[in-house]
Amino acid sequence: MDPYKKKKSIEIIPENAEFELSRSLGEDSLGDESEGDDGLVLTKEIVDKIRDAVKYVAASESRRIKFAEISMSLGLKCKRLILDASTRWNSTYNMLSCAIEFKNTFLIYSTSNSWFKEYVPTDDDWERVENICSFLDVFSNVTKIISGTRYSTSNLFLSEIRRVKQVIDKKAVHLNVHIRTMARTMELKFEKYCGETNLIMSIGAVMDPMFKMKLPTFCFPTLYPIAHDSERSLSCLTNALTELYSEYCKEAKDAGKERTESSVSSSDANFFSAPRETPQGINDFESFIRETGGILEPTKSQLEEYLSEKILPSSSKFDVLGWWKENSTNFHTLFKMASDVLSIPISTMASESTFSAGSKVIEPHRSCLKAETVEVLLCGADWVRELYDLKKSK
């Protein structure tokens with residue numbers, strides 16, 4: 001083949017390595033059907049048509065070259081057709097959003113290839129696809145944010161789950177009947193799996209000095225529109241936060257007591273255990289304090305002190321765990337609690353790492369591997385690298 005023509009070919013990329021948003025939105029898995037799947041079922045005919053169109057172009061080198069030439073003439077030099085994994089809603093979303101960019105290419109190519117005409121969506125179909133993609137774009141972005149591995153995610157859960165709820169509520173009253181139906185179907189799933197307050201993730205937001213209690217106060221009215229439910233959720237969060245902090249204080253006190261006891265010698269222990277009378281002078285002083293009402297108010301706890309301080313300015317580069325490390329001397333007990341809570345990942349499966357690892361195994365010629373086979377290949381590669389102390393290539 002002519003090298004020039006080879007460069008012009010549009011690459012068909014399988015996206016089997018993507019994962020479902022449903023496994024990131026709550027404490028439990030949503031099962032096999034994700035929220036995106038529910039919406040795409042309603043537009044199955046259009047999705048199948050676009051998928052068949054991508055497969056048709058990918059089936060022949062001459063078709064790919066012709067399609068590429070038309071795309072390049074329209075200024076789409078860097079765009080690539082994407083073949084989805086039909087069981088992954090976000091992979092299908094990527095295929096659809098990419099296909100929209102080739103909307104004019106589809107039309108022009110159909111004029112020179114009569115067989116391709118049956119795969120070209122109508123104007124109404126394209127409009128529906130654009131509406132779907134604008135909807136699912138939010139889900140895709142949220143999925144990537146809350147499944148990061150290089151930063152804390154438990155503090156991001158509350159704001160992102162509010163974002164999902166907000167877009168569902170907005171699309172539930174959309175003028176387009178398909179978008180409206182999709183949103184209402186997703187709304188049922190959302191209420192089922194995210195309708196209850198996720199206390200530990202809400203505490204994670206409070207442990208971020210940029211948010212504290214301000215973020216739950218802002219998010220809960222959207223997540224729980226009924227005023228009573230919102231207030232009740234805030235009350236539950238406050239109680240849970242206080243109880244959790246008390247547990248850490250008790251643990252720190254017990255640990256300190258054990259260290260003190262272990263450091264005291266047997267003779268010192270006998271000395272301190274001997275009964276002693278309180279000096280009369282101290283008794284007189286205590287009587288004076290009681291009579292004059294001069295008993296000091298107890299100082300604030302570390303939690304109260306932390307929450308009473310102003311929130312920090314919002315910054316995308318802010319390192320929440322680094323901030324707690326720097327302030328560990330001021331909040332030694334709260335630091336331990338914050339470290340434990342903020343280290344909890346929202347999802348145990350990260351889209352970035354899964355995609356980059358999976359792309360080396362799942363390629364156009366091996367896109368139909370069973371999940372068990374892919375798992376064997378990925379795990380086997382990791383074990384071999386560990387066994388022979390090999391570094392993973394970038």
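Please read these numbers as outputs of a predicted model, since none were measured by experiment. (Residues numbered from 1 in each chain as written. Predicted model: local features only at pLDDT ≥ 70, side-chain atom pairs only at ≥ 80, totals over all residues. Heavy atoms only, no water.)

## Some details on the overall build of the protein chain
Across its full length, the protein chain holds 19 helices and two strands. Evaluated residue by residue, the protein chain yields a buried proportion of 41% over its 394 residues. For the protein chain, the share of sequence-separated contacts (at least 6 apart) that also reach a separation of at least 24 residues comes to 75%. For the protein chain, the accessible area works out to roughly 23,500 Å², and carbon and sulfur atoms hold 54% of it. (Helix = DSSP H or I, 4+ residues; strand = E, 2+ residues; numbered from the N terminus. Buried < 20%, exposed > 50% of the residue type's maximum accessible area, 1.4 Å probe, protein only. Contact = heavy atoms within 4.5 Å. Areas by Shrake-Rupley, 256 points an atom, 1.4 Å probe, with all protein chains shown as cover.)

## A word on the packing of helix 3 (residues 44-58) against helix 4 (residues 61-73)
Interaxial distance between helix 3 and helix 4 falls to 6 Å at its minimum, and their mutual angle equals 110 degrees. One element, helix 3, and the other, helix 4, form an angle in the roughly perpendicular class. Here helix 3 contributes Tyr56, Val57 and Ala58 to the contact with helix 4, which in turn contributes Arg63, Arg64 and Phe67. Class assignment for the residues of the contact of helix 3 with helix 4 results in four nonpolar, no polar and two charged. (Axes fitted to C-alpha atoms, helices over the stretch in contact; angles between N-to-C directions. Parallel < 35°, antiparallel > 145°, perpendicular 65-115°, else oblique. Nonpolar A, V, L, I, M, F, W, Y, C, P; charged D, E, K, R; others polar.)

## Section: a negative patch on the surface
Taken together, the side chains of Asp123, Asp124, Glu127 and Glu130 define an acidic patch exposed on the protein surface. By the element assignment, Asp124 lies in helix 7 (residues 123-146). By relative accessible area, Asp124 is classed as exposed at 55%. (Patch = residues over 30% accessible without salt bridge, like charges linked within 9 Å, V, L, I, M, F, W, Y side chains within 5 Å. Salt bridge = Lys/Arg side-chain N within 4 Å of Asp/Glu carboxyl O. Lys, Arg positive; Asp, Glu negative; His and termini not counted. Charge placed at Lys NZ, Arg CZ, Asp CG, Glu CD.)

## Considerations on the confidence of the model for the protein chain
Mean pLDDT over the protein chain works out to 77, with 73% of the residues at or above the 70 mark. Taken together, the stretch residues 1-36 has pLDDT below 50 and engages in 103 contacts with residues farther than four places along the chain or on a different chain. Across residues 269-274, where pLDDT falls below 50, the model places one contact with residues more than four positions away in sequence or in other chains. (pLDDT = per-residue confidence, 0-100.)

## Observations concerning the nonpolar core
Ranked by size, the top nonpolar core spans 78 residues in total, and within it Met207 and Trp324 carry the most contacts. The biggest single contributor to this core is helix 7, with 10 residues. Residues contacting Met207, with those up to four places away along its chain left out, are Leu241, Leu303, Tyr306, Val320, Trp324, Leu334, Met337, Ala338 and Leu342. (Core = buried A, V, L, I, M, F, W, Y, C linked by side-chain atoms within 4.5 Å.)

## Focus on the packing of helix 10 (residues 199-206) against helix 17 (residues 332-342)
It is at 9 Å that the axes of helix 10 and helix 17 come closest, and there the two elements cross at 125 degrees. Judged by the inter-axis angle, helix 10 sits oblique to helix 17. Between helix 10 and helix 17 lies a crossing whose hand is left-handed. Contacts between helix 10 and helix 17 involve Ile200, Ile203 and Gly204 on the former and, on the latter, Met337, Val341 and Leu342. Tallied by class, residues from the contact of helix 10 with helix 17 come to five nonpolar, one polar and no charged. (Left-handed = near helix turned anticlockwise from the far one by under 90°.)

## Let's talk about the packing of aromatic side chains
For any pair of aromatic rings, the description consists of the separation of the ring centres together with the inter-plane angle of the planes. Across all of its chains, the model carries 16 aromatic pairs by this definition. Through pairs of rings, three or more aromatic residues link up here, namely Tyr56, Phe67, Phe102, Phe106, Tyr109, Phe116, Tyr119 and Trp126. Sitting over the ring of Tyr56, Arg63 keeps its end group 3.9 Å from the ring centre. (Phe/Tyr/Trp six-rings, centres within 6.5 Å; stacked < 30°, edge-to-face > 60°. Lys NZ or Arg CZ within 6 Å of the ring centre and 35° of its normal.)

## Description of helix 10
With respect to burial, helix 10 is a largely interior element, six of its eight residues being buried. Met201, Ser202, Ile203, Gly204, Ala205 and Val206 are the residues of helix 10 that are buried.

## Some thoughts on the environment of Ile179
In this fold, Ile179 is placed in helix 9 (residues 177-194). The class of Ile179 is buried, set by a relative accessible area of 1%. Separated by 47 residues in the primary sequence, Ile179 and Ile132 have C-alpha atoms spaced 6.8 Å apart.

## Some points on the pattern of salt bridges
Applying the stated criterion to the full structure yields 10 salt bridges. Between Asp48 and Lys44 there is a salt bridge whose closest N-O contact spans 2.7 Å. On the criterion of helical spacing, the pair formed by Asp48 and Lys44 is a turn pair, its members being four residues apart in helix 3. Its salt-bridge partner being Lys336, residue Asp340 comes within 3.7 Å of it at the nearest N-O pair. Note that Asp340 and Lys336 are positioned in helix 17 at a spacing of four residues, about one turn of the helix. Owing to a relative accessible area of 28%, Asp340 belongs among the partly exposed residues under this scheme.

## Looking at unusual backbone geometry
Its identity as a non-glycine residue notwithstanding, Lys212 has a phi of 50 degrees, on the positive side. Relative to the helices and strands, Lys212 resides in the loop between helix 10 and helix 11 (214-223). On the basis of relative accessible area, Lys212 is assigned to the buried category, the value being 3%.

## Re a nonpolar patch on the surface
Together, Val384, Leu387, Tyr388 and Leu390 make up a nonpolar patch on the protein surface, roughly 440 Å² of accessible area in all. Counting through the fold element by element, Val384 comes out in helix 19 (residues 371-387).

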